[in-house]
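Next come the chains, spelled out residue by residue.
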Amino acid sequence: MDRPWRHLQLGAIIFCLEMMPLMVCAKVKTDTVALRRLFTYAASVDTTGCAHRSTIYTRLRFHIDKKNPLLMTVPDLYLVARGKEREFIAESINEMDFQSMDNHPSRTLTSTGTMPRNKTVFATLLQYLTPDVYGTTIVHRNLLSPFNRHNRHFYRYRTSLLPGNKAVVSFRPKRRNTQTVSGFATIDYTTGRILNGEMKGEYDMMRFQLNVEMGKEGIGSLLPHTCEVVTTFCYLGNKVRCRMRSVVCAKGDAITPPDSLSPRKQMECMRPEPLDSIDLSIYARHDSLAAMASGAPKRKSKTKAILWDLVGKNLVDRVKQNFGKNNQGSFRISPIMNPLYLGFSKRRGLTYKFDVRGSYLFNDNNALSLRFKGGYSFKLKQFYYSLPFRWNYDVRHNGYVEAELGNGNRITNSKVLEQVKAERNDTIDWDAMHLDYFKQGHLRFLNCIDITRRFGLKTGFIFYRRTAVNKESFLAAGKPLRYNSFAPFVELQVRPWYYRGPIFTIDYEQGIRGVVHSDSRYTRWEFDGSYIHRMKCMRSVSLRLGGGFYTSKADKQYFLDYSNFRDNNIPGGWNDDWSGGFELLNSNWYNASDYYIRANMTYESPLMLLSWLPGVGRLVESERIYCSALAVRHLHPYMEYGYGFTNRLFSMGVFAAMRNTHFDGFGFKMGFELFSKW
């Protein structure tokens, strides 16, 4: 009896071994077919004439699990962090004007909830409610989508067939990173259309779970019909949980209920789905507390309310306000106490900046704007500011008039010192008196207009006033304390491929002596070309090549001051001119040569070097490699190499310099990125 049974077992094993390659091949074929159809579905949808309007219902439930006073420093959370309540709800009906996946503005028709002053909180979550699941990135150039074929080398996939000609595609990142997600999607196996899906990840201090149910046909199948995002936000001992949900109510122009109804009643008329028991309990508790507060004596002093709500809020939160009959005016003031506006570099030390902006829109083609940007370098003990006032008189053709008042870094001029030495043949050590350092202020007026789509023209004038830093030494040398210059300028911008390719500029500036007490005559030419080549998977290469020179040398007092080769006074975060400058170059070199030739290259990628490291790699958002070259008088060449990365808290770069083929030192630069995307 044992021998036949053993023969049967041996036969079953042989059969399984023979069938295993076939089963593996069938599984691989199923995975390949499902992924190919998934990756090509978006291209098969006809998106011509896709513009439409939709009415969308949005609901946010907000719960504070843990809090301390530091929660008040988070943008948009000051009022809810200051109060005693821990649970809030907010509802809104919005009309979205869909033009494309990147352009879908919306306006609020009605809103209600228990938020203090009906204020919007966690506005950054709104972008999660319109994810581009088939695009390269899911949320506003962030989060690499696993449903785009260009990102497939970042993920591992597994496919399982379901009844009804459906399949489940599960995915997880090959390297854990803040720009990748994990989860699954149920797809139509025949077409590759996503029916529903779930994505989990962690980005910008938000641990999130995104659930989508996609539309059924046409352009609607590329957009979520129902979207829900559940997040957990942890910040310095604080913990906040949010659940935000959006539902597409209908397409076409929205029908709003009569204005005579209260916002709560309007919402009850338009809400597409009922509230659950938790939502109803939040409303009930809020109504009960409001009724008790209306009958209780008001003990809170008016002075204390003003102190907390105005002064305290302005210290830690952004001030944003619209004004005008149709909200055509707006202003924005940066918070006074916010680490986002701090930075550090080896040469400047600790820097702090602030920003005030205001605008008024007359119509779609006519607007006014005013901005005051200032900063202070604690190491150099210098205050910098820029105050541009702009009138856009023809937005369609980039036509505007701008007047700017500001100052710059202390400028050097060795020609003044050389002239003093030639005139005064004595034993005084003029080099020790620092006669080549000047404070600099300017007033610039220009007009800009695009002649065609390929050519833009700027014309105007600029007035400089340079004042000696060491006034006593200038008086001893018998030299004036102030030097003025007045110069008309012309700038031609050439865009051979419009804004999709490189942009070239030609600058010409002519100093005129005798106008508004100008005592300097010079001629300056500059040529510059820049191009950012954006690739798939959030990668890009930034290139810049340029040069400039002075041709007028008759006047010995003219200052060497270029437009495209100068020091950035108060550097900001990752996207504030980090990829086009020289971080270790001494500021005196910007004004020491009557010619320059420069070249800069930057490569950026979300997954490059640090992402391989366990632990820290998952927090890195993007990385860069820098390479810069410069040739000026006595520097030929000057080279800089660098590496930088950014995460949710800060951005940092490390740089090394070579001067005339010899090592010239290294340094680093840092800027805070906390809440920069909020």
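Reading the values: the criteria
- Sequence order as written defines the numbering, with residues in each chain counted from 1.
- Residues qualify for local features only when their pLDDT is at least 70, as the model is predicted, and side-chain atom pairs are given and counted only at 80 or more; totals for whole chains, interfaces and linings, by contrast, use all residues.
- As a rule here, side-chain values cover all heavy atoms of the structure and leave hydrogens and water aside.
- The helix and strand labels rest on DSSP assignments: H or I over at least four residues marks a helix, E over at least two residues marks a strand, and numbering proceeds from the N terminus.
- Note on classification: 1.4 Å probe, protein chains only; a residue is buried when its accessible area is under 20% of the maximum for its type, exposed when over 50%, partly exposed between these limits.
- Here, residues are in contact when the closest pair of their heavy atoms is within 4.5 Å.
- Note on areas: Shrake-Rupley with a 1.4 Å probe; residue coverage comes only from the protein chains shown.
- Two rings from Phe, Tyr or Trp (for Trp, the six-membered ring) form a pair when their centres are within 6.5 Å of each other. A pair whose planes differ by under 30 degrees is stacked, one over 60 is edge-to-face, and the rest are tilted.
- By this definition, two strands are paired if DSSP reports at least two bridges between them.
- Note on patches: the residues involved have over 30% relative accessible area and no salt bridge, like charges join within 9 Å, and the nonpolar side chains Val, Leu, Ile, Met, Phe, Trp and Tyr join within 5 Å.
- Definition used for salt bridges: Asp or Glu carboxyl oxygen within 4 Å of a side-chain nitrogen of Lys or Arg.
- For the purpose of charge, His is not counted, nor are the chain termini; Lys and Arg are scored as positive and Asp and Glu as negative.
- Charge coordinates come from a single atom per side chain, which is NZ of Lys, CZ of Arg, CG of Asp or CD of Glu.
- pLDDT measures the predictor's confidence residue by residue and takes values from 0 up to 100.
- Definition of a polar contact: a pair of N or O atoms within 3.5 Å, with one able to donate and the other able to accept a hydrogen when the atoms are protein atoms, and with sequence-neighbouring residues admitted only if both atoms are side-chain atoms.
- Nine residue types can take part in a nonpolar core, namely buried Ala, Val, Leu, Ile, Met, Phe, Trp, Tyr and Cys, and a core is a set of them joined through side-chain atoms within 4.5 Å.
- This arc is built from the directions going out from the helix axis to the C-beta atoms.

Okay, the overall build of the protein chain next. From N to C terminus, the protein chain includes seven helices and 31 strands. The proportion of buried residues among the 678 residues of the protein chain is 46%. Once local pairs closer than 6 in sequence are excluded, the contacts in the protein chain between residues at least 24 apart make up 57%. Put simply, the protein chain shows about 35,700 Å² of open surface, and 59% of that area lies on carbon and sulfur atoms.

On to the packing of aromatic side chains, then. Taken as a whole, this structure holds 33 aromatic pairs when the rule is applied. Where Tyr-562 meets Tyr-596, the ring centres are 4.8 Å apart and the plane angle is 75°; that geometry is what we call edge-to-face. Of this pair, Tyr-562 sits in the loop between β26 (540-550) and β27 (595-605) while Tyr-596 sits in strand β27, placing them 34 residues apart in sequence. Tyr-596 matches Tyr-562 in its accessibility class, with the two residues each being buried. Pairwise contacts between aromatic rings join Tyr-522, Tyr-550, Tyr-562, Phe-565, Phe-582, Tyr-590, Tyr-596 and Tyr-638 into one cluster.

Examined bridge by bridge, strand β6 (residues 155-162) and strand β7 (residues 166-173) share eight bridges and lie antiparallel to one another. Bridge pairing links Ser-160 to Val-168 in β7. The turn joining β6 and β7, which pair antiparallel and follow one another in sequence, is formed by three residues; a positive phi near 80° is taken by Gly-164. Pairing analysis gives six bridges linking β7 to strand β8 (residues 182-188), with the strands arranged antiparallel. Along β8, the bridge assignment pairs Ser-170 with Phe-184.

With that out of the way, let us pick up a positive patch on the surface. On the surface, Arg-152, Arg-156, Arg-158, Arg-172 and Lys-174 cluster together into a positively charged patch. If you trace the backbone, Arg-158 turns up in strand β6. The exposure class assigned to Arg-158 is exposed, which follows from its relative accessible area of 59%.

The subject of this paragraph is the confidence of the model for the protein chain. On average, the protein chain scores 83 in pLDDT, and the residues at 70 or more come to 84%. Every residue in residues 22-27 scores below 50 in pLDDT, and together they form three contacts with partners more than four places removed in sequence or on other chains.

Glancing now at the pattern of salt bridges. Per the stated rule, a full pass over the model turns up 29 salt bridges. Between Glu-402 and Arg-390 there is a salt bridge whose closest N-O contact spans 2.8 Å. Taken together, the residues span a long stretch of sequence, with Glu-402 in strand β19 (residues 399-407) and Arg-390 in strand β18 (residues 382-394) at a distance of twelve residues. With relative accessibility at 9%, the residue Glu-402 sits in the buried group. Where salt bridges share partners, they join Arg-59, Arg-61, Glu-228, Arg-243, Arg-245, Glu-273, Asp-276 and Asp-279 into one cluster.

Once that is clear, we can look at the environment of Gln-328. Note on placement: Gln-328 falls in the loop between β13 (319-323) and β14 (329-333). Once you skip the residues sitting within four places of it in the chain, Gln-328 turns out to touch Phe-323, Ser-359, Tyr-360 and Leu-361. Side chain to side chain, Gln-328 and Tyr-360 meet in a polar contact 2.8 Å long.

This next bit is on the nonpolar core. If you look at the biggest cluster of nonpolar residues, it comprises 71 residues, and the most contacted ones within it are Phe-62, Phe-122, Ile-194 and Phe-233. In terms of residue count, the dominant contributor to this core is helix α1 (residues 2-44) (six residues). Every residue in contact with Phe-233, bar those within four places of it in the chain, is listed here: Leu-71, Val-74, Phe-122, Met-205, Met-206, Asn-238, Lys-239, Val-240, Phe-675 and Trp-678. Within the second largest apolar cluster, 23 residues are counted, among which are Leu-560, Phe-582, Leu-630 and Tyr-638.

Moving on to unusual backbone geometry. Pro-637 follows His-636 through a cis peptide bond whose omega is 0°. In this fold, Pro-637 is placed in strand β29 (residues 635-646). One non-glycine residue, Asn-165, lies in positive phi territory at about 60°. In this fold, Asn-165 is placed in the loop between β6 and β7.

Of the positions making up helix α3 (residues 263-270), those classed as buried are Gln-266, Met-267 and Met-270. The arc that holds every buried residue of α3, seen down its axis, measures 100°, which confines them to one face. Where α3 is buried, its residues contact β1 (52-66), β2 (87-98) and β3 (106-113).

So, about the environment of Leu-77. Turning to its location among the elements, Leu-77 is positioned in the loop between β1 and α2 (78-82). In the structure, Leu-77 is positioned 45 residues away from Phe-122 in sequence and 7.6 Å away in space, judged by C-alpha atoms. Sequence-distant contacts of Leu-77, that is, excluding residues within four places in its chain, are made with Phe-62, Leu-71, Val-121 and Phe-122.

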